Amino acid sequence: MAIIKFENVTFRYESDEEGVVLAPAVKDFSLSIEKGEFVAILGHNGSGKSTLAKLANGLLLPEKGRVLVDGMDTINEEDDIKIKQTVGVVFQNPDNQIVATIVEEDVAFGPENLGIEPTEIRRRVDNALKTVGMYEYRKHGPHKLSGGQKQRVAIAGIIAMEPRCIILDEPTAMLDPIGRRDVMNAIKRLNRELGITVVFITHYMEEAVEADRIVVMDDSRLVMDGTPKEVFADADKIRSIGLDVPQTCQLADMLRNDGIKLKNDLLSIDELVENIDDLLKGQ
Amino acid sequence: MIKDITLGQYFPMNSVVHKLDPRLKLLFVTSFIVMVFLSNNFISLAFCFLVTALVIAISKIPLKTVLKGLKPIILIVVITSILQIAYNDGGITLVDVWKIKITSGGVLTAVFMALRISLLIVMSTMLTYTTSPTSLTNGLDRIFAPFKKIGLDFHTITMIMTIALRFIPTLIEEVDKIMSAQKSRGANFEQGSIIKRAKALIPLFIPLLFNSIRRAYELANAMTCRCYNGGQGKTTMNALKFSKRDYLGLLAVILVIISIILLNIYCGEYNAEFTFGLAI
Amino acid sequence: MSHLQTENLTYIYGAGTPFKITALDNININIEKGDFVAIIGHTGSGKSTLVQHLNGLLKPTDGKIFLDGENIHQSKSKLFDTRYRVGLCFQYPEYQLFESTVYKDIAFGPTNMGLSVTEIDERVRKAAKYVGIPDEMLSKSPFDLSGGEKRRVAIAGVISMEPEILILDEPTSGLDPMGREQILDLIKNYRETTGNTVIIVSHSMDDVARFATKVIVMNDAKVDLTGTVDDIFENSTHLQDIGLSVPQITEVFIKLREKGYPVSEKVYTVEQGYNELKRLFEGSVNND
């Protein structure tokens, strides 16, 4: 059974002005996310991708269609806590997610709300902080940390609830290169080492290629769904919806057009370098 | 100026004082404040002073940091002292020039008041320095828990306190940034009449308000995602439990209170002339 | 004579306390009229502190700043004059919008300058045009705009002061690829049309490699490197070492060099990479 299942979901925000009906933020959207997957959701600003994050754990409820979390319909209020415990969400601005004034007390916030035993909370908090590499900062005040460090604390706060799926809504958009790298490493660890399903919403191509699967959103709809290699093979389509193709893909494309026999599924820098190396040595 | 306010700040250290139960510390500080006000002679006040010094020493917090907490209230202390000197005319007359008459009674009362206020501030600052706001609110939560039965929900209040404390540094930073940005567009916060200056604050307050609403909205979402439901069935990681250390602490607190009461009874109210004579 | 110059500029936060931090350490930079300067550095390298000195927001602990040869801290009026002549647009400037309409917000700077109503109107419309804000949007509330639009309105609010030097601190942060392109394009157009000096602060070489005529790399409160884009990319490995991101394509060539291939160090666009690799492939064919 899928951990998150969107079935024909349509959602629109209410307008501040009376009588004005806004266009749907998500339209006829269907997607099934399986346990253990690492899915990246790509799309430009306003494509509806952030709304998905809020629909996936019942923060928003669909106008049409339904969202199932581990089989539970998000519309059922009695499952609300269970749903939020199953699917944790990390948002873009790390400053606005940290509640407490001490790192470890913030990480404990979720498990405390769930009414978990103090000794068990302690264990979870320590583990979560170690997973994101922030254990040594556990006694610090959050305002003294860098953006990347704060975001890792926010992630730890979600891990401590032991969700089976974590959705990250542009968690790196406000960070510098070092912060982005550290957060990215923490996210990969969640999926690869802890087996948590990860849904990673972003507009950075270099980050999306790390996922097992990429879902592309445009104009409130799902427009592409496949492995990174499949998705980026259609460079023209990606560019037509205002997204970038990784420079490595562009370069490989140009060289292939000149008859240089590079493979057509090169994404990472290392893959490209290896392939160039092989070809040159072979000649 | 805003950065000088230390009340409400936490200063993490590894000391016995830091580890004590927040309820004990709250009890102690409250009763200490009462005791300082009840102290009616220099000996019991000196004892309070000694207790404060001892607490600071055990807490391992640098003296300089503690004294920083007094900076914003120096003005209040000075004004109170001047008023005391001006209105109290007991004891020996020290200076009598034109309309100014300073008596030993006035000076002593002024010193007494200044010491009292300083002790109060220092001890309250010590409470927040050695107790993390979350642990402090936990303590308040527990102390006030019985009131829930009569319909008073203190959890909401303590939650609001925690969030306020959490966001104070963030907002200070933001004020600084917006001010700099508006200054770059020629805004002038420093010059002009009061009305002009008040008007100049609009470009600061409007964005601050909008940003705070956005923050509040995002924070509410994040808290909901972390299963916050108004504190029902909430547990605490650092569950408050009186340990051996806390019982020893409680014993010490009781001893201090008894000592002050005894000193008050047996040393009597201070006598300006007598004390002044001793001082010489 | 240089347009904007710093002389032994040093800035220490919390000077005289045990918590003092040297944010700028003896900075000497020279910016000529019409330069397109990129100041690159990771968070905490001092780059934002530096630009806040260039328009006189912060006062140096030590050293001087000269605008057209005159010390900007010479007098109070000189300092205010500098704020208008050196326009500084902060990071996430959309969070500083406050007026009831876009028009009024863009007019805030010129109004503070004490210009006439007609002059203000002219400048607001001109600035809006530079950033691609259509006339009908001027009467809207800035809070009703999209993120990218807000950002452009905020930039217009600085451009409308018609500064001789325009400084933008991380103008593309938080934007998606399309938004990033738009902002960079408008800055490029602005510079070409006005011929004014532009300074961009960034932590990514990606954004600026294509445009900058001069790059200043900051690290650890000091100027680490200065030069043209080509000069800087000769040290691309060093850039990574000090926590800066270089374009993906540059990384490809760093790795190829590590493998011993004789490829140029100055590759930072896909076209350059393509030419360089073609040369390499053809070269190896010829050798056979």
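Residues numbered from 1 in each chain as written. Chains lettered and ligands numbered in written order. Predicted model: local features only at pLDDT ≥ 70, side-chain atom pairs only at ≥ 80, totals over all residues. Heavy atoms only, no water.

(A) Focus on the overall build of chain A. Per the secondary structure count, chain A includes 12 helices and 10 strands. Referenced to the eigenvectors of the C-alpha coordinate spread, the extents of chain A come out at roughly 65 × 50 × 35 Å. Per-residue burial over chain A gives 60% buried out of 283 residues. Residue pairs at least 24 apart in sequence account for 63% of intrachain contacts in chain A once pairs closer than 6 positions are excluded. Carbon and sulfur atoms make up 44% of the accessible area of chain A, which amounts to about 11,200 Å² in all. Put simply, chain A has 34 plus and 49 minus side-chain charges, and the middle of one group is 3 Å from the middle of the other. (Helix = DSSP H or I, 4+ residues; strand = E, 2+ residues; numbered from the N terminus. Buried < 20%, exposed > 50% of the residue type's maximum accessible area, 1.4 Å probe, protein only. Contact = heavy atoms within 4.5 Å. Areas by Shrake-Rupley, 256 points an atom, 1.4 Å probe, with all protein chains shown as cover. Lys, Arg positive; Asp, Glu negative; His and termini not counted. Charge placed at Lys NZ, Arg CZ, Asp CG, Glu CD.)

(B) Main features of unusual backbone geometry. Located in the positive-phi region is Lys60 of chain B, a residue other than glycine, with phi close to 65°. Tracing the chain through its elements places Lys60 of chain B in the loop between α3 (42–59) and α4 (63–68). The phi dihedral of Asn8 of chain C is positive, around 45°, even though this residue is not glycine. With respect to the helices and strands, the residue Asn8 of chain C is situated in strand β1 (residues 4–13).

(C) Representation of the domain arrangement of chain B. Residue and element names in this part refer to chain B. Looking at the assigned domains, one finds that chain B contains domain 1 (2–144 + 239–279) and domain 2 (153–225). Taken residue by residue, the interface counts 9 residues in domain 1 and 7 residues in domain 2. Of the roughly 770 Å² buried at the junction of domain 1 and domain 2 (both faces included), carbon and sulfur atoms supply 77%. When the buried surface of domain 1 facing domain 2 is broken down by residue, Thr137, Asp141 and Phe144 rank first, second and third, together holding 50% of it. At the junction of domain 1 with domain 2, the criterion picks out 0 salt bridges. In this assembly, domain 1 and domain 2 are joined by 0 residue pairs in polar contact (both at pLDDT 80 or more). Looking at the side of domain 1 that touches domain 2 residue by residue, the classes come out as 4 nonpolar, 3 polar and 2 charged. (Domains from an automatic or database assignment. Buried area = accessible area lost by both parts, 1.4 Å probe. Salt bridge = Lys/Arg side-chain N within 4 Å of Asp/Glu carboxyl O. Polar contact = N/O pair within 3.5 Å; in protein donor to acceptor, adjacent residues only side chain to side chain. Nonpolar A, V, L, I, M, F, W, Y, C, P; charged D, E, K, R; others polar.)

(D) Local environment of the packing of α3 of chain B against helix α11 (residues 244–267) of chain B. All names here are of chain B. Contact pair α3 / α11: the axes reach a minimum separation of 8 Å and the direction vectors enclose 160°. Classified by the interaxial angle, the pair formed by α3 and α11 is roughly antiparallel. At the point where α3 passes α11, the crossing takes the right-handed sense. Contacts between α3 and α11 involve Ile43, Ser44, Phe47, Cys48 and Val51 from the former and Val256, Ser259, Ile260, Leu263, Asn264 and Cys267 from the latter. (Axes fitted to C-alpha atoms, helices over the stretch in contact; angles between N-to-C directions. Parallel < 35°, antiparallel > 145°, perpendicular 65-115°, else oblique. Left-handed = near helix turned anticlockwise from the far one by under 90°.)

(E) Spatial organisation of the nonpolar core. Formed by 52 residues in total, the largest nonpolar core has its most connected members in Ile155, Val216 and Phe232 of chain A. With sequence-adjacent residues up to four places away left out, Ile155 of chain A is seen in contact with Val90, Val132, Leu168, Val183, Ile187 and Leu190 of chain A. (Core = buried A, V, L, I, M, F, W, Y, C linked by side-chain atoms within 4.5 Å.)

(F) Representation of the confidence of the model for chain B. Residues and elements named next belong to chain B. For chain B, mean pLDDT is 82; residues scoring 70 or higher make up 90% of the total. The secondary-structure element of chain B with the lowest mean pLDDT is helix α12 (residues 272–279), recorded at 48, while helix α10 (residues 202–225) shows the highest, at 94. The low-confidence segment residues 276–280, where pLDDT is below 50, has 4 contacts with residues more than four positions distant or belonging to other chains. (pLDDT = per-residue confidence, 0-100.)

(G) How the structure looks around the sheet that holds strand β5 (residues 72–73) of chain A. Residue and element names in this part refer to chain A. Strand order across the open sheet formed by 4 strands is β2-β1-β4-β5, with antiparallel pairing between neighbours. Because the sheet does not close on itself, it has two edges, and the strands there are β2 (26–33) and β5. Across 2 bridges, strand β4 (residues 64–69) lies against β5 in antiparallel orientation. Note that in β5 the partner of Val69 across the bridge is Met72. (Pairing = 2+ DSSP bridges.)

(H) Expanded view of the sheet that holds strand β4 (residues 36–40) of chain C. All names here are of chain C. The strand order β7-β8-β9-β4-β10-β11 describes an open sheet built from 6 strands, whose pairing is mixed. Where the open sheet ends on each side, the last strands, each with one partner, are β7 (86–89) and β11 (222–227). Across the sheet, the mean angle from the axis of one strand to that of its neighbour is 15°, orientation sign disregarded. Relative to β11, strand β10 (residues 214–219) is paired through 5 bridges, and the arrangement is antiparallel. Note on β11: the bridge partner recorded for Ile216 is Thr226. Here helix α6 (residues 177–194) sits on the sheet and contacts β4, β8 (165–169) and β9 (197–202); the angle it forms with β9, its principal contact strand, is near 155°.

(I) Looking closely at helix α6 (residues 147–159) of chain A. Residue and element names in this part refer to chain A. When the terminal C-alpha atoms of α6 are compared, their 18 Å separation across 13 residues agrees well with the 18 Å that a helix rising 1.5 Å per residue should span. For α6, a buried count of 12 out of 13 residues is recorded, marking the element as mostly surrounded by other parts of the structure. All of the buried residues in α6 are Gly148, Gln149, Lys150, Gln151, Arg152, Val153, Ala154, Ile155, Ala156, Gly157, Ile158 and Ile159. Buried residues along α6 sit against β6 (87–90), α3 (103–107), α5 (118–131), β7 (165–169) and α7 (177–192). (Expected span 1.5 Å × (residues − 1).)

(J) Structural view of the interface of chain C and chain B. On the side of chain B, 19 residues touch chain C, which itself brings 23 residues to the contact. Here chain C packs against chain B, burying approximately 1,800 Å² in sum over the two surfaces, 61% of which is carbon and sulfur. For the chain C face of the interface with chain B, the top three residues by lost area are Tyr95, Gln96 and Phe98 of chain C, together amounting to 30%. Our count for the chain C to chain B interface comes out at 1 salt bridge.

(K) Structural view of the packing of aromatic side chains. In total, this model carries 14 aromatic pairs over all chains according to the counting rule given. Here Phe42 of chain B and Phe112 of chain B contribute two aromatic rings whose centre-to-centre distance is 5.1 Å and whose plane-to-plane angle is 90°, an arrangement assigned as edge-to-face. Within this pair, whereas Phe42 of chain B is found in helix α3, its partner Phe112 of chain B is found in helix α6 (residues 104–130), the two being separated by 70 residues in sequence. On the basis of relative accessibility, which here comes to 21%, the residue Phe42 of chain B falls in the partly exposed class. Between the aromatic rings of Phe242 of chain B and Tyr247 of chain B, the centroid separation amounts to 5.4 Å while the plane-to-plane angle is 65°, which identifies the pairing as edge-to-face. The exposure class of Tyr247 of chain B is exposed, given its relative accessible area of 51%. For Arg166 of chain B, the ring lying beneath its charged end belongs to Phe167 of chain B, and the centroid distance is 4.4 Å. Arg214 of chain B extends its terminal NZ or CZ atom over the ring of Tyr95 of chain C, reaching a point 4.0 Å from the ring centre. (Phe/Tyr/Trp six-rings, centres within 6.5 Å; stacked < 30°, edge-to-face > 60°. Lys NZ or Arg CZ within 6 Å of the ring centre and 35° of its normal.)

(L) Focus on the interface of chain B and chain A. Tallying the contact residues gives 34 residues for chain B and 40 residues for chain A. Buried area between chain B and chain A, both sides added, is near 3,100 Å², and the carbon and sulfur share of it is 58%. When the area that chain B buries against chain A is broken down by residue, the three leading residues are Arg166, Arg226 and Met237 of chain B, summing to 30%. At the boundary of chain B with chain A, the tally comes to 3 salt bridges. For the salt bridge of Arg226 of chain B with Asp106 of chain A, the shortest nitrogen-to-oxygen distance reads 3.4 Å.

(M) Region of the structure containing helix α2 (residues 76–85) of chain C. Of all the 10 residues making up α2 of chain C, 7 are buried; the element is thus mostly covered by neighbouring parts of the structure. Here α2 of chain C has its buried residues at Lys78, Leu79, Phe80, Thr82, Arg83, Tyr84 and Arg85 of chain C.

(N) View of a nonpolar patch on the surface. Residues and elements named next belong to chain B. Nonpolar side chains collect at one region of the surface, where Ile254, Ile258, Ile261, Leu262, Ile265 and Tyr266 lie side by side and expose about 610 Å² of accessible area between them. Position of Ile258 relative to the elements: it lies in helix α11. Take Ile258: its relative accessible area is 43%, and that puts it in the partly exposed class. (Patch = residues over 30% accessible without salt bridge, like charges linked within 9 Å, V, L, I, M, F, W, Y side chains within 5 Å.)

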